[in-house]
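So the chains spell out like this:
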Amino acid sequence: MINRVVKNAEEALKDVKDGSTIMLGGFGLCGIPENSIAQLIKMGVKNLTCISNNAGVDDFGLGLLLQSRQIKKMIASYVGENDEFERQMLSGELEVELVPQGTLATRCMMAGYGIPFFPTPAGVGTEVAQGKEVKSITWRGQTKDYLIEKAFESDFAIVKAWKGDSAGNLVYRRTARNFNQPMAMAGKITIAEVEEIVELGELDPDHIHTPGIFVNRIFKGEKYEKRIEQITVRKK
Amino acid sequence: MLDKNGIAKRIAKEVRDGMFVNLGIGIPTLVSNYIPENYDIVLQSENGILGMGPFPFEGEENADIINAGKQTITLVKGASIFDSATSFGMIRAQRVDLTILGAMEVSENGDIANWKIPGKMVKGMGGAMDLVASAQNIIVAMQQVNKAGQSKLLSKCELPLTGVKCVKKIVTEFGVYDVLPQGGFKLLEIAPGVTIDDVKKATAGKLVIEGDVPVIAV
């Protein structure tokens, strides 16, 4: 099998340019590609369009790329918990497209499936429907209006997995799977950073979440902070 | 009048044994505290969990196990994990029986607004638009009046909508309402210590009251 392992984030992200469109996996700060985000800051690439469920917090995740003014447009479903984002959005410095979360996930999935359009009822009769085709469809005995939504076209998808092998096969851990799995299938070039690269054959073929065919480059992240946004506990 | 926990307690009575339930952030999250222990309920969290459990014990929190509110949580025995597209697949395909969420405004025809205050609050809709567009059974938990005393049960929503004609039931500090198919908030139950006159004052949209209205037992 073709060896898809590259040395580090620098090598993995070498062809990301000013103006690139990039998907980044994660939900909140859970399962975000920390090492790749750090590398994008180091590279200083500008005018990026970022597709991600959230925009990080002020001092972590995609919030760091906002602080350094590298993002021109953000496509996300929920951007609370980030003052700098709100400031840039309200002042007009940052272009923002807010997308219902299920639509966002499906726009990634459909890109991976090679299906350019799909109907969804989310957002019918709201601001989200503005400028979109609405179709009345009867299915399973229910007639409803659906918005016609478009699969994403993204230059890169950058995802974070738990384990991977040299063939690019990926396994995610717990809820860090989230958007990483559909996004991994959806980039023109998909880059995966993992906590651990294991020997070929060590991952059970039945248990692989993302088949290596979708992954162009894989590297082991140098370090993972794995910050928790809200620690909620109960007493023993 | 009901406090937040009272609203959650009353909503818990709408939960039936065997349901798959999605709880939104805020008051809806509290509902899980009042579900009878002998009930077999599966909590869905849209970031990719069926079988969400309570918060972890101190020191046992795991950055890779969070809910859609980004809180550390645990998984119950028999839980499953999946990606975000699959998660909204089960929501769209109406496998999730009950959705409980908060609102800023609800209109008498069941429209809901809960994601944006133009020029002020920009947080995004998250999964709310997908949930309200597909769920068959939506209960809204909300405060009926704002801090200035203005009603949030309106004839028409003023804020940008999250979904149209989707809310069926509302529980507030004043009472329990059905949203009638022909339009209107029908008062089903009234909160302890609240008068019909209080309810009238707190409802800007069309209010329907038929016969004696029972007091909420919580």
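All figures in this text were calculated on a predicted structure; none of them were measured in a lab. Every chain is numbered independently, its residues counted from 1 as its sequence is written. Chains and ligands are labelled sequentially in the order written, the chains with letters from A and the ligands with numbers from 1. Totals for whole chains, interfaces and linings use all residues, but because this is a predicted model, local features are given only for residues with pLDDT of at least 70 and pairs of side-chain atoms are given and counted only at 80 or more. Values shown for side chains rest on all heavy atoms present in the structure; no hydrogens or waters enter the calculation.

Draft legend 1. Looking closely at the interface of chain A and chain B. Contacts are residue-level and defined by heavy atoms, with any inter-residue pair within 4.5 Å sufficient. Every contact between the two is made by 53 residues of chain A and, on the other side, 52 residues of chain B. In this description, buried area is defined as the sum, over both parts, of the accessible area (probe of 1.4 Å) that is lost when the two are combined. Carbon and sulfur atoms make up 57% of the surface buried where chain A meets chain B, a total of about 4,500 Å² over both sides. The largest contributions to the chain A side of the interface with chain B come from T175, T232 and R234 of chain A, which together make up 15% of the buried area. By convention in these notes, a salt bridge is any Lys or Arg side-chain nitrogen within 4 Å of a carboxyl oxygen on Asp or Glu. Joining chain A to chain B, the criterion identifies five salt bridges. Between D64 of chain B and K226 of chain A there is a salt bridge; the shortest N-O distance is 2.6 Å.

Draft legend 2. Fine view of the sheet that holds strand β6 (residues 105–107) of chain B. Only when DSSP finds a minimum of two bridges between them are two strands counted as paired. For helices the rule is a DSSP run of H or I covering at least 4 residues; for strands it is a run of E covering at least 2, with both sets numbered from the N terminus onward. Spatially, three strands are ordered β7-β6-β11 (chain B) in an open sheet, and the strand pairing comes out mixed. The sheet is open, and its two edges are formed by β7 (112–113) and β11 (153–154) of chain B, each paired on a single side.

Draft legend 3. Empty space enclosed by the protein, seen in detail. In this analysis, the protein atoms alone were mapped onto a 1 Å grid. Cavities are point sets where a 1.4 Å probe fits without being able to get out; pockets are open sets with protein on both sides within 12 Å along at least five of seven lines; lining residues have an atom within 4 Å of a point. Grid points are joined across faces, edges and corners, and a volume is the space filled by probe spheres set on the points. All told, the structure shown has four cavities of 30 Å³ or more when counted by the stated rule. For the largest cavity, the calculated volume is near 60 Å³. Lining the largest cavity are 13 residues, and of these G28, I32, S52, N54 and L62 of chain A sit closest to its centre. Charged residues are taken to be Asp, Glu, Lys and Arg, nonpolar residues to be Ala, Val, Leu, Ile, Met, Phe, Trp, Tyr, Cys and Pro, and polar residues to be all remaining types, Gly included. Residue composition of the lining of the largest cavity, by class: six nonpolar, seven polar and no charged. Estimates place the volume of the second largest cavity at around 50 Å³. L29, C30, G31, I32, E34, K160, Y224, K226 and R227 of chain A together with A63 and D64 of chain B together form the lining of the second largest cavity. The class makeup of the residues in the lining of the second largest cavity is five nonpolar, one polar and five charged.

Draft legend 4. Molecular detail of helix α1 (residues 4–12) of chain B. If you check which residues of α1 of chain B are buried, you get G6, I7, A8, R10, I11 and A12 of chain B. Residues of α1 of chain B that are buried in the fold lie against α2 (27–30), β5 (98–102), β10 (138–141), β12 (169–171), β13 (175–179) and β14 (185–190) of chain B. Each residue's exposure class comes from its accessible area (1.4 Å probe, protein chains only) as a fraction of the maximum for that residue type: buried when under 20%, exposed when over 50%, partly exposed otherwise.

Draft legend 5. Local environment of the environment of L147 of chain A. Positionally, L147 of chain A belongs in strand β7 (residues 142–150). Residues contacting L147 of chain A, with those up to four places away along its chain left out, are F118, P119, T120, A122, G123, V124, V128, A129, K132, E133 and V134 of chain A.

Draft legend 6. Structural view of the pairing of strand β8 (residues 154–165) of chain A. All names here are of chain A. Burial of β8 is extensive: nine of the 12 residues sit out of reach of the surface. Taken together, the three bridges between strand β1 (residues 21–24) and β8 define a ladder with parallel strand orientation. Note on β8: the bridge partner recorded for L24 is I158. Sheet analysis places β8 next to strand β10 (residues 187–198), joined by 10 bridges and oriented parallel. Counterpart to A161 in the pairing with β10 is V194. Note that β8 and strand β9 (residues 170–171) share two bridges and pair antiparallel. By the bridge assignment for β9, K163 is matched with V171.

Draft legend 7. Looking closely at helix α5 (residues 101–113) of chain A. If you check α5 of chain A, its first and last C-alpha atoms are 18 Å apart, about what 13 residues at 1.5 Å a residue would give, namely 18 Å. At the exit of α5 of chain A stands G114 of chain A, carrying a positive phi of roughly 75°. Here the expected length of a helix is defined as 1.5 Å per residue gap, with one fewer gap than residues.

Draft legend 8. Representation of the layout of surface pockets within the structure. Each pocket or cavity is described by its volume, and for the second largest pocket that value is around 480 Å³. The set of elements that each furnish at least two residues to the lining of the second largest pocket consists of α5, β5 (117–120), β6 (134–139) and β7 of chain A together with α3 (84–92) of chain B. Here the lining of the second largest pocket gets four residues from one element, more than from any other, and that element is α3 of chain B. A breakdown of the residues in the lining of the second largest pocket according to their chemical character gives 10 nonpolar, seven polar and three charged.

No statement about biological role is implied by the geometric values presented.
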